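# Coordinate analysis (summary)
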Amino acid sequence: MTEPHVYDNQYAPGNVYGHAAALIRSQTEITGVHIDVGCSFGRIAETLETIPGLTYLGIDASEDGLTSLRERGIECHQHTFGDHDRDREFIARALAGRKLRSMSILDTLEHLVAPEKMLKLLFEVCREGGQPLIVSVPNVAHRDLGFKLAFGTWDYTPAGLLDQTHVRFFTEPLLTKMTRSVGWKQVASNDVLMSSSDQRFPAEHLALTDGSALRGLLTHLNANRPNALTNQFVRAFVPDAPTNESFLESQVQPRRPFLSVVTRTQGKRLDTLREVLLCLSAQTCDDFEVLIIGHRLDDERQMLVRQLIEESCEPLRSRVRLVLVNHGTRTTPLNVGFSEARGQYISILDDDDVPFAHWVEEFLKLSITAPGRMLRTVAVRQEFDEVQTRSGRKSVRAMSGMHRDYPDRFDLLKQLCMNFTPNTALAFPRSAFHDFGLRFDESLTTTEDWDFLMRVAFICDVASSDQITCIYRWWRTSASSRTEHAEEEWQRNLERILEKFDQEYLILPPGSATRLRHLMQHFTDPDYRPRAEKPLKPAHFELLDTLESPSWKLTQPIRIAGRALGHPAPLHARQVVEMSEDAARSTLNAVRKSKTMKFASFVVGLTKRLSRKPK
Amino acid sequence: MTHLWRAVDGARSRDLISTVEVVLGDGSKKPVFDSAALQKLQSDYASAFEIKYQYFGQNLGTAKGHNTMFASCDSDFVVVMNPDVMMAPDCLIELFRPFRSENTGIVEARQMPIEHPKEYDRTTGETSWASTACCLIPSKLWRQIGGFDDATFFLYCDDVDFSWRARLTGYKVVFQPSAVVFHDKRLSPAAHWQTSSAEEYFSAEAALLLAHKYSRPDLVEAISRDFGAAEAPHFKKALTAFKTRKRKGKLCTPIDPEHLVGEFVQGEYANHRFRL
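One structure accompanies this document, and this report is about it. (Residues numbered from 1 in each chain as written. Chains lettered and ligands numbered in written order. Predicted model: local features only at pLDDT ≥ 70, side-chain atom pairs only at ≥ 80, totals over all residues. Heavy atoms only, no water.)

### So, the overall build of chain A
Within chain A one finds 24 helices and 17 strands. Counting only contacts in chain A whose residues sit at least 6 apart along the sequence, the fraction spanning at least 24 positions is 77%. Carbon together with sulfur atoms contributes 54% to the accessible area of chain A, which is approximately 29100 Å² in total. (Helix = DSSP H or I, 4+ residues; strand = E, 2+ residues; numbered from the N terminus. Contact = heavy atoms within 4.5 Å. Areas by Shrake-Rupley, 256 points an atom, 1.4 Å probe, with all protein chains shown as cover.)

Structure (structure tokens):
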């Protein structure tokens, strides 16, 4: 038989007692009695009695600690809670007519079969006078517990996070729901954080030992999760109205729309925002909500945006919300929008993007065949200009055909080099943001979308459709992110993102080992050629020939410079070999019509003419 | 209908229109609406417009279909539009604006997501022809030029012909980029315009007929040569149909001998800003 643990933990400013004491001190200044329920040895008592006007009173069921308190001259009482009316009377007798200042219940609730009943009792005691309650409970979601449990280990110990006498295991959501249910409102927190808890054993476990790739990966995945390092929640509450809602999670999840569409606007492109709403009203699948995030809108623009929403027809109109954001960078509205989103998936549709009628439907189809992944369709790029005819309002004018710049499949390794996926062609699983805490990096002024999508892709892989479902508008002459940021800024952000990739352990999809092996063999042996999966067609050879042509090679510097400005990536032979025949043909047409190619043809002709020997 | 309702509401609020009637022309083998469904539709939108339904019992083609429906109209202006086109809330307002100019004949809306590539003047909006995917036409003009040429054209190019005849009469055809409609068209995975077999055949047929009507025997000969040599069967079928009409004396009398309005540019009927 294991000897019962003696809960005589010393006070220290950095431990649960120190943190609780700080909250007890800060929550009220009135003179009165502070009742510490489940006080044990009351090692916090001496510190609390230094607070002006505070008289400490400890209550516990066990005599062990109470003896020590009495010997130290601290007031305490023995009582076993469990009968509501008797418990109320007991507390009243213990107060003996004195004013109640505050209460605490530290590392006690987790030992109770029905902690909600205790919380309700304490609520009724404090409700009339509005006295604060300070609560501490251990956090069962500390990463050390989770890392071990992921590999089948759950170690009870005499004391600590998995104390053998714990019967209720608290996470923050449970603590929040339970306290709200009985009527407590949280007003402050002072949690105890520990990067290594008492559960970090055995030291050689690969999920626990520093330096192992597994721990590195798990630590990184938990980096943005709230409370991964919280050892104990230490919170202050005041009486409020009970919600009486169940604090248990239902296995039946609330109905969510399939997709949340997040549209940022600064109110500068109202004409195209109107078109976005029109396109959304024409979707073949209407299982989505729309969040228009108005960034730094002045009163007039806010009114105009609201008017646009009002003008749109039902049933779209009732599914559109305007959320105002008056701070932060251009990336901040994305984080706000994602945070507000209720959909199973979340997409970004900027206020000048063009979704086809099946944009939502195609994401839905992908989600059914490949649940849990980031969803990707294909966007085409089309060049536009602003226009205003004599008798019309400001509008847009298409200036080019559809540029098939982006491949029809997501390739993680290629995406490490460059972003081949406009935002509009993606739907992110909400879990990446809401459960894993992934956020858009607001310190990046450009290409923040690439940074975010890669971090999501590393976790949940990507399902691709070859359907073209959206148009990415490329503005020829008016302002855009391409023109508003200097080349040096693009380059800086690019380098920062590449650095971030290098700081992480990456999860690669199946098949990556073979591809990396081919790449390494090609890198070390230039004559190496892996067996082609499909035979090449005439279009492939024509395109390869064109890439080898003097005209194309002549304009390489122009295309490299263009790449830093976010222009599509240059082509390499390997990309051509892996293209479908249709894609090769389309790319060949685009190359032939490209400005750099036309320029090159003129230059080559001029060079030839000027090189002719005089007669 | 909901989109049309919002657009009508918007135009009415600006006093641009008063009464509105919607004529639905049904050329399918079986009626799309039974009487109960039609009554419900009419009742749902009664506050916005009157809905008339004409069941043709056969596919009349666009030219004859438009003429048949127009015959029952008694309005000052007519919007010709495809049933799958959805108007932006301010579309009608923007369609009416060019009519402040007296010689405006037809105003065409800009289609989304795939914009028609034909060129138009950035200041005046003037263009070669207007697509009946969605355009606004004064009834007076329609009657003046005798409506669509349903004896010549079945599907495709009837709108090109209508526009050119309006221009021959002295009217302007205007493309209004701010009048926006959504027309559900999609691209192939290779980003190409997707044509149906009907579009392929009737466009081919119409190309020959249009070249003939607008006094371009040189083009008729060139197109005939190409169609005759083409592998795809619809080209030969179109050529055969044209030759049969010619043999039976059923081709229309050519017009525009001075080529004032007819534009035949790289297989299109206007200069294009880009290719799809």
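Right, picking up where we left off after that structure.
### Describing empty space enclosed by the protein
What the rule picks out here adds up to four cavities of 30 Å³ or more. What the largest cavity holds in volume is close to 90 Å³. Lining of the largest cavity is provided by A:Arg274, A:Leu277, A:Leu278, A:Ser281, A:Leu308, A:Glu311, A:Ser312, A:Cys313, B:His3, B:Met87, B:Ala88 and B:Pro89. Broken down by secondary-structure element, the contributors of at least two residues to the lining of the largest cavity are helix 9 (270–281) and helix 10 (299–311) of chain A. Element by element, the count of residues in the lining of the largest cavity is highest for helix 9 of chain A, at four residues. Here the lining of the largest cavity is composed, by residue class, of seven nonpolar, three polar and two charged. (1 Å grid on protein atoms, 1.4 Å probe; cavity = no way out; pocket = protein on both sides within 12 Å on 5 of 7 lines; lining within 4 Å. Points joined across faces, edges and corners; volume = space filled by probe spheres on them. Nonpolar A, V, L, I, M, F, W, Y, C, P; charged D, E, K, R; others polar.)

### Topic: a nonpolar patch on the surface
On the surface, A:Leu506, A:Leu508, A:Leu516 and A:Leu519 cluster together to form a nonpolar patch covering roughly 300 Å² of accessible area. Looking at where A:Leu508 falls in the secondary structure, it is placed in the loop between helix 17 (487–502) and helix 18 (512–524). (Patch = residues over 30% accessible without salt bridge, like charges linked within 9 Å, V, L, I, M, F, W, Y side chains within 5 Å. Salt bridge = Lys/Arg side-chain N within 4 Å of Asp/Glu carboxyl O.)

### A closer look at the packing of aromatic side chains
Here the structure, examined in full by the defined rule, presents 32 aromatic pairs over all chains. Aromatic ring contacts, followed pair by pair, group A:Phe338, A:Phe428, A:Phe433, A:Phe440 and A:Phe452 into a single cluster. Directly above the aromatic system of A:Phe433 lies the positively charged group of A:Arg439, at a separation of 3.7 Å from the ring centroid. Here the basic side chain of B:Lys237 rests over the ring of B:Tyr201, its NZ or CZ set 4.6 Å away from the ring centre. (Phe/Tyr/Trp six-rings, centres within 6.5 Å; stacked < 30°, edge-to-face > 60°. Lys NZ or Arg CZ within 6 Å of the ring centre and 35° of its normal.)

### A look at the packing of helix 7 (residues 197–213) of chain B against helix 8 (residues 217–229) of chain B
Residue and element names in this part refer to chain B. Here helix 7 crosses helix 8 at 155°, and the two axes come no closer than 8 Å. Considered as vectors, helix 7 and helix 8 are oriented roughly antiparallel to each other. Seen from above, helix 7 lies across helix 8 with left-handed handedness. Each of Ala204, Ala207, Leu208, Ala211 and His212 in helix 7 lies in contact with helix 8, whose residues at this interface are Leu219, Val220, Ile223, Ser224 and Phe227. Across the contact of helix 7 with helix 8, the residue classes break down as eight nonpolar, two polar and no charged. (Axes fitted to C-alpha atoms, helices over the stretch in contact; angles between N-to-C directions. Parallel < 35°, antiparallel > 145°, perpendicular 65-115°, else oblique. Left-handed = near helix turned anticlockwise from the far one by under 90°.)

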